[in-house]
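Okay, here's what each chain looks like letter by letter:
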Amino acid sequence: MQLTLSHSTIHSAHQLNITGSKSESNRLLLLQALFPDITIENLSNSDDTRVMQKALSSTVQEVDVHHAGTAMRFLTAYFATRPESSVILTGSHRMKERPIKILVDALQNLGADITYKEKKGYPPLRINGKKLTKASVSLDANVSSQYISALLLVAPSLSNGLELKLNGKITSLPYIEMTLSLLKQLNIKVKFQENTITVEPHNNQSVSENFIVESDWSSASYYYSFMALSPLGTEINLTAYKKNSLQGDSVLQDVYEKFGVSTVFKNNSILIKKESVTQHRIIELDLINSPDIAQTIAITAFGLGIECLLTGLHTLKIKETDRLLALKTELEKFGATVEITEDSLHLKSSSLINRDIAVDTYNDHRMAMAFAPLCLKTSLMINDADVVNKSYPGFWDDLASIGITIK
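Values in this document were obtained by computation on a predicted structure and should not be read as measured data.

Caption draft 1: Quick look at the overall build of the protein chain. Across its full length, the protein chain holds 12 helices and 21 strands. The C-alpha extent of the protein chain, read off along each of the three principal axes, is 60 × 45 × 40 Å. A sequence separation of at least 24 residues applies to 74% of the contacts in the protein chain between residues at least 6 apart. On the protein chain, the mean spot of the 40 positive side-chain charges and the mean spot of the 43 negative ones are 3 Å from each other.

Caption draft 2: Spotlight on the sheet that holds strand β15 (residues 269–274). Spatially, the four strands line up as an open sheet ordered β2-β13-β15-β14, and their pairing is mixed. Edge positions in the open sheet fall to β2 (14–17) and β14 (261–266), since each of these has one partner strand only. Looking at each pair of strands side by side, their axes are set apart by 25° on average, direction ignored. Inspection of the sheet shows β2 paired to strand β13 (residues 235–239) by four bridges, in the parallel sense. Along β13, the bridge assignment pairs histidine 14 with isoleucine 236.

Caption draft 3: Spatial organisation of helix α6 (residues 173–185). The end-to-end C-alpha distance of α6 is 19 Å, a good match for the 18 Å that 13 residues give at a rise of 1.5 Å each. For α6, every residue scored as buried is listed here: Pro174, Tyr175, Ile176, Met178, Thr179, Leu180, Ser181, Leu182 and Leu183. Buried residues in α6 make contact with α1 (22–34), α5 (145–154), β10 (190–193), β11 (196–199), β12 (210–212) and α7 (217–228). Positive phi shows up at asparagine 187, right after α6, with a value of about 60°.

Caption draft 4: Here's a closer look at the pattern of salt bridges. Enumeration over the complete set of coordinates arrives at 14 salt bridges. Close ionic contact of glutamate 97 with arginine 94 constitutes a salt bridge, the shortest N to O distance being 3.4 Å. Salt-bridge contacts for aspartate 360 lead to lysine 333; the nearest nitrogen and oxygen are separated by 3.1 Å. Of this pair, aspartate 360 sits in the loop between β20 (357–359) and α11 (365–371) while lysine 333 sits in helix α10 (residues 323–333), and the two are 27 residues apart along the sequence. For aspartate 360, a relative accessible area of 33% puts it in the partly exposed group.

Caption draft 5: Summary view of α5. Burial within α5 is extensive, with 10 of its 10 residues counted as buried. Regarding α5, the residues found buried are Ser145, Gln146, Tyr147, Ile148, Ser149, Ala150, Leu151, Leu152, Leu153 and Val154.

Caption draft 6: Summary view of the nonpolar core. Membership of the largest hydrophobic core comes to 70 residues, with the highest contact counts inside it found for Tyr223, Phe226, Leu238, Phe371, Phe395 and Trp396. For this core, the element with the highest residue contribution is α7, accounting for eight residues. Residues in contact with phenylalanine 395, not counting those within four places in the same chain, are Tyr222, Tyr223, Met369, Ala372 and Val388. Judged by nonpolar contacts, the second largest core, of 67 residues, contains Ala68, Leu110, Tyr147 and Leu152.

Caption draft 7: Representation of the packing of aromatic side chains within the structure. Taken as a whole and judged by the stated rule, the model has 12 aromatic pairs. Ring plane angle 50° and centroid distance 6.3 Å describe the contact between tryptophan 217 and phenylalanine 265, whose orientation is recorded as tilted. On the criterion of sequence distance, the pair formed by tryptophan 217 in helix α7 and phenylalanine 265 in strand β14 is long-range, its members being 48 residues apart. Relative to phenylalanine 395, the ring of tyrosine 392 has its centre 5.3 Å away and its plane inclined at 65°; by these criteria the two rings are edge-to-face. Neither tyrosine 392 nor phenylalanine 395 differs from the other in exposure class; each is buried. One aromatic cluster in this structure is built from Tyr222, Tyr223, Phe226, Tyr392, Phe395 and Trp396.

Caption draft 8: Seen up close, the pairing of strand β6 (residues 113–116). Across the two faces of β6 the burial differs, with Ile114 and Tyr116 buried and Asp113 and Thr115 not buried at all. Sheet topology note: the β6/strand β7 (residues 125–128) ladder contains four bridges and is antiparallel. Of the residues in β7, the one forming a bridge with threonine 115 is arginine 126.

Caption draft 9: The sheet that holds strand β8 (residues 136–140), seen in detail. Taken in spatial order, the four strands make up an open sheet running β8-β9-β11-β10, and their pairing is mixed. Strands at the two margins of the open sheet, each flanked by one partner only, are β8 and β10. When the angles between neighbouring strand axes are averaged without regard to direction, this sheet yields 15°. Two strands pair when backbone bridges link them, and strand β9 (residues 162–167) and β11 are joined in this way by four bridges, in the antiparallel orientation. Each residue of the ladder has a partner; that of leucine 164, found in β11, is isoleucine 197. Set on the sheet, α6 makes contact with β10 and β11; between it and β10 the angle comes to about 150°.

Rules used throughout
- Residues numbered from 1 in each chain as written.
- Predicted model: local features only at pLDDT ≥ 70, side-chain atom pairs only at ≥ 80, totals over all residues.
- Heavy atoms only, no water.
- Helix = DSSP H or I, 4+ residues; strand = E, 2+ residues; numbered from the N terminus.
- Contact = heavy atoms within 4.5 Å.
- Lys, Arg positive; Asp, Glu negative; His and termini not counted.
- Charge placed at Lys NZ, Arg CZ, Asp CG, Glu CD.
- Pairing = 2+ DSSP bridges.
- Axes fitted to C-alpha atoms, helices over the stretch in contact; angles between N-to-C directions.
- Expected span 1.5 Å × (residues − 1).
- Buried < 20%, exposed > 50% of the residue type's maximum accessible area, 1.4 Å probe, protein only.
- Salt bridge = Lys/Arg side-chain N within 4 Å of Asp/Glu carboxyl O.
- Core = buried A, V, L, I, M, F, W, Y, C linked by side-chain atoms within 4.5 Å.
- Phe/Tyr/Trp six-rings, centres within 6.5 Å; stacked < 30°, edge-to-face > 60°.

Laid out in structure tokens, this is it:
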């Protein structure tokens, strides 16, 4: 499905209700599978969360997670530690290109029975669940934090808990801290000292807790971009958000101050407003803890004609697509000059924005949504626009409700 976004202007002072965090929802669903007395409100309505729900309740021998990377990592650990399970865990063509060896090696070192069905180091996987009694493992920390969270989430159900030693600099630390925070809310004993995380076993104790999932800060990022590209005084309300968020992407509120956008918390909502014209000639950010907002930030900077240098992006190459290469390719269609390395992106300042460009999305929801705010500067098309269903199914309807002309 291709959509055309006409050159538009935001209707100020609207309120949008953003779906629950996909990251938080998927963690809680796995914990609920381990501790059934947990209840969850405001679950994400994303495809990724629906896939996770379906897989956890499935009785079939082959589980297909499609493009859902979080589900692939979390379910690998879950099925490997369930003695009653015997499954083939597979996904889309792109999923079969996304490495999972680091997580599989860690689980195998704990005693798990996992083999590769096709290419070594990549899905699909044959998993025969076992009771794992080994309690110590190490893995490299400078890769996807989802590998680490996958192990931490199943750790309380292991006979002897888990001591996880992380080697090297940790990537996306807030997502690990989110996982640990959820465990602590269940009165599970955890300790994070230096680069070692210890989780005590909790498999013989009753666990009952009601969780209300906070709205997704990654989804909020696109509205921060819209505000940055809007005239002074433009504002919008988003619900429901917490000032002390568990989500790493909540750093948006600080990042977008550089673009002249303010954030005010009121009750369970945020008011974001274009307060000033940025005086920055270059935006430099290390996004090692929040790489998923890199696309949105780079496109915002391009729309404002500002140079930007983003680092800490090495995990973007193993996402739904190679996001660094995809971002460079699509921005250059609009007239941008972009240089990338294995872990950085450098956008040169430019006053040129080409019209009527068709953006390829590469099966990546964030490519579609990150480019959408450019419609405040020019008209453009989004190819395979329904890819947004992965994390934010109502995105295009919400844009139409605030004044974006979509055909």
